[in-house]
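# Per-entry structural report
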Amino acid sequence: MNVTLILYESRYGTGKRVANFICPVLGPAKFFDIDDAPQDIKHYSNVVLVFSLYGYESCKKILNYMEENQIDFSKKKVALVCVGLSKKDGEKELYKIKSIINKEDALCEFIEGEMCINKLSKDDKNKIEVFCNKVKIPFGDLGKFNEDSVLELSKKLREYFNTPKFIPPTNITKKEIEDFLNRKNTCTLATGYEDYIRSTPIEYEYYDGNIYIISEGGLKFIGLSKNKKVCICVYENYTNMNNLCGLQISGDAEVLQPWCEEYIQALNRKGLKIENISKLPFDMNIIKVIPDKYEFLYSKFKNLGFDSKQIYIPK
Ligand SMILES: Cc1cc2nc3c(=O)[nH]c(=O)nc-3n(C[C@H](O)[C@H](O)[C@H](O)COP(=O)(O)O)c2cc1C
């Protein structure tokens, strides 16, 4: 199982906020304050080390922990996340830590932290005052912690840790996806913008690499009018962990112009007569979704010797 361990070293909580935020996105994952870190990490295939910058004291506890417990990262995928005020300091520290832990291929990321003078210990306050006087900047709060950058970070980490290792030839992944889509006929179509989100169960047709959805109308067209990005999900009922089957498709949606060639063809494929549809007292809408990414969690891949989750990006 691809489980992620997150260890954070933070004095005033910014690093902890980062760890707390990324944990559910990276799940299955668990995060620990470095003071409570487990001695044995054999259950984890991935490790994220989150540390905040404190000059030469940066990452000290994490490094001590590794030495004391003889932690070996050689067979693990590792990411380092540095929180601080200066990106330049961060990059220097990341470079240093990467080499100390002997993990030159670790993913390294910097997140701007923040410093509130009234939260600091007396000792830290003094140090910062001296520093501010030295570099001639006003002694006051510094930095701007922005949750959006942590959100971007969590996406990047998720992609880094979840890229499958055992990947079938593309034609096999594509064929399994197409067979599944052709076998099923109902999906959930997620549409939305800002805080307006809908998830609509609806019949679909998979044809020539695209998804076609015929609809009399409804609130999904609100989201579609503002945001062409959609996500489609097709899945089997859960039975057990050895029999998983769920496909997520991300892509762009367009509403076909009534009576264009593609619109007529989609109706024809469904066996709907043009003369009947045109006589209806309402307009029939057809949504075409052009997929840009398929994510398929399918136990069959595992049975074939590959990772059970595969990604297919159509050309
Ligand atoms: C005593 C002290 C030393 C610091 N040293 C650095 C530094 O060398 N470089 C830097 O970019 N930020 C430095 N910072 C800023 C912290 O890294 C920043 O406030 C961070 O968000 C703190 O994270 P935490 O809340 O997880 O402890 C320092 C802050 C303090 C209080």
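Thresholds applied
- Residues numbered from 1 in each chain as written.
- Predicted model: local features only at pLDDT ≥ 70, side-chain atom pairs only at ≥ 80, totals over all residues.
- Heavy atoms only, no water.
- Helix = DSSP H or I, 4+ residues; strand = E, 2+ residues; numbered from the N terminus.
- Rg over C-alpha atoms; globule rule 2.2 N^0.38 Å.
- Buried < 20%, exposed > 50% of the residue type's maximum accessible area, 1.4 Å probe, protein only.
- Areas by Shrake-Rupley, 256 points an atom, 1.4 Å probe, with all protein chains shown as cover.
- Lys, Arg positive; Asp, Glu negative; His and termini not counted.
- Charge placed at Lys NZ, Arg CZ, Asp CG, Glu CD.
- Salt bridge = Lys/Arg side-chain N within 4 Å of Asp/Glu carboxyl O.
- Near = heavy atom within 4 Å.
- Polar contact = N/O pair within 3.5 Å; in protein donor to acceptor, adjacent residues only side chain to side chain.
- Nonpolar A, V, L, I, M, F, W, Y, C, P; charged D, E, K, R; others polar.
- Axes fitted to C-alpha atoms, helices over the stretch in contact; angles between N-to-C directions.
- Parallel < 35°, antiparallel > 145°, perpendicular 65-115°, else oblique.
- Left-handed = near helix turned anticlockwise from the far one by under 90°.
- Contact = heavy atoms within 4.5 Å.
- Pairing = 2+ DSSP bridges.
- Domains from an automatic or database assignment.
- Phe/Tyr/Trp six-rings, centres within 6.5 Å; stacked < 30°, edge-to-face > 60°.
- Lys NZ or Arg CZ within 6 Å of the ring centre and 35° of its normal.

### Some details on the overall build of the chain
Helix and strand counts for the chain come out as 10 helices and 13 strands. In terms of overall size, the chain is more extended than a compact globule, its C-alpha atoms giving a radius of gyration of 25 Å where 315 residues would be expected to give roughly 20 Å. Once the C-alpha set of the chain is aligned to its principal axes, its extents read approximately 85 × 50 × 30 Å. By residue count, 40% of the 315 residues in the chain fall in the buried class. Counting every atom, the chain has about 18400 Å² of accessible surface; 50% of that belongs to carbon and sulfur. In the chain, 46 side chains carry a positive charge and 44 a negative one; their mean positions are 2 Å apart.

### Description of the pattern of salt bridges
Counted under the stated rule, the structure contains 19 salt bridges. The closest approach of N and O atoms between Asp-179 and Lys-175, which form a salt bridge, is 2.7 Å. Taken together, the residues span about one helical turn, with Asp-179 and Lys-175 both in helix α6 (residues 170-183) at a distance of four residues. By relative accessible area, Asp-179 is classed as partly exposed at 31%. When the shortest N-O distance is used, the salt bridge between Lys-184 and Glu-236 registers 3.0 Å. With Lys-184 in the loop between α6 and β6 (186-193) and Glu-236 in the loop between β10 (229-235) and β11 (245-255), the pair connects residues that are 52 residues apart, well separated along the chain. For Glu-236, a relative accessible area of 30% gives the class partly exposed.

### What to know about the site of the ligand
Near the ligand lie 21 residues; those nearest to it are Ser-10, Thr-14, Ser-52, Tyr-54 and Ser-86. Residue Thr-14 places a side-chain N or O atom 2.5 Å away from an oxygen atom belonging to the ligand. Between the ligand and the protein, one listed contact pairs an oxygen atom with a side-chain N or O atom of Tyr-54 at 2.4 Å. When the ligand is considered free in solution it has 640 Å² of accessible area, and contact with the protein chains removes 91% of it. Secondary-structure elements contributing two or more residues to the shell around the ligand are α1 (14-26), β4 (77-84) and α4 (122-135). Taken together, the residues of the shell around the ligand break down into eight nonpolar, nine polar and four charged.

### Considerations on the packing of α1 against helix α5 (residues 147-162)
Running from N to C, α1 and α5 point in directions that differ by 45°, and their axes come no closer than 9 Å. With respect to α5, the axis of α1 lies oblique. Between α1 and α5 lies a crossing of right-handed hand. Contact residues: Arg-17, Val-18, Phe-21, Ile-22, Val-25 and Leu-26 in α1; Glu-147, Val-150, Leu-151, Leu-153, Ser-154, Leu-157, Arg-158 and Phe-161 in α5. Per-class residue counts for the contact of α1 with α5 are 10 nonpolar, one polar and three charged.

### Quick notes on the environment of Arg-183
Here Arg-183 shows up in helix α6. Considered as a pair, Arg-183 and Lys-88 are 95 residues apart in the sequence and their alpha carbons are 54 Å apart. Not counting chain neighbours up to four residues away, the residues in contact with Arg-183 comprise Glu-236 and Tyr-298.

### Looking at the pairing of β6
The sheet contact formed by β6 and strand β7 (residues 196-203) spans eight bridges and is antiparallel. Counterpart to Thr-188 in the pairing with β7 is Pro-201. Counted between consecutive antiparallel strands, the loop separating β6 from β7 contains two residues, among which Glu-194 sits at a positive phi close to 45°. Bridge analysis of β6 against β10 gives three bridges, and the strand direction is antiparallel. Its bridge partner lying in β10, Leu-189 is registered against Ile-232.

### Description of the environment of Pro-258
Within the secondary structure layout, Pro-258 lies in the loop between β11 and α8 (261-269). According to the relative accessible area criterion, Pro-258 is partly exposed, its value standing at 40%. Considered as a pair, Pro-258 and Met-284 are 26 residues apart in the sequence and their alpha carbons are 7.7 Å apart.

### Topic: the domain arrangement of the chain
When cut into domains, the chain gives domain 1 (4-162) and domain 2 (170-312). Summarising the inter-unit geometry, the C-alpha centres of domain 1 and domain 2 are found 40 Å apart.

### Concerning the sheet that holds β4
Strand order in the open sheet made by the five strands is β2-β1-β3-β4-β5, with parallel pairing throughout. Single-partner strands in this sheet number two, and they are β2 (29-33) and β5 (107-112). Within the sheet, the average angular offset between the axes of one strand and its neighbour, ignoring direction, is 15°. Lying on the sheet, α5 is in contact with β1 (4-9), β3 (46-52), β4 and β5; it crosses β4 at an angle near 170°.

### A short note on the packing of aromatic side chains
The description of an aromatic ring pair uses the distance of the two centres, along with the angle that the planes make with each other. In the structure shown here, the tally under the stated rule is 10 aromatic pairs. Centroid distance Tyr-193 to Tyr-196: 6.2 Å. Interplanar angle 35°. Geometry classified as tilted. On the basis of relative accessible area, Tyr-196 is assigned to the partly exposed category, the value being 24%. If you follow Arg-269 out to its NZ or CZ, it ends over the ring of Tyr-207, 3.6 Å from the centre.

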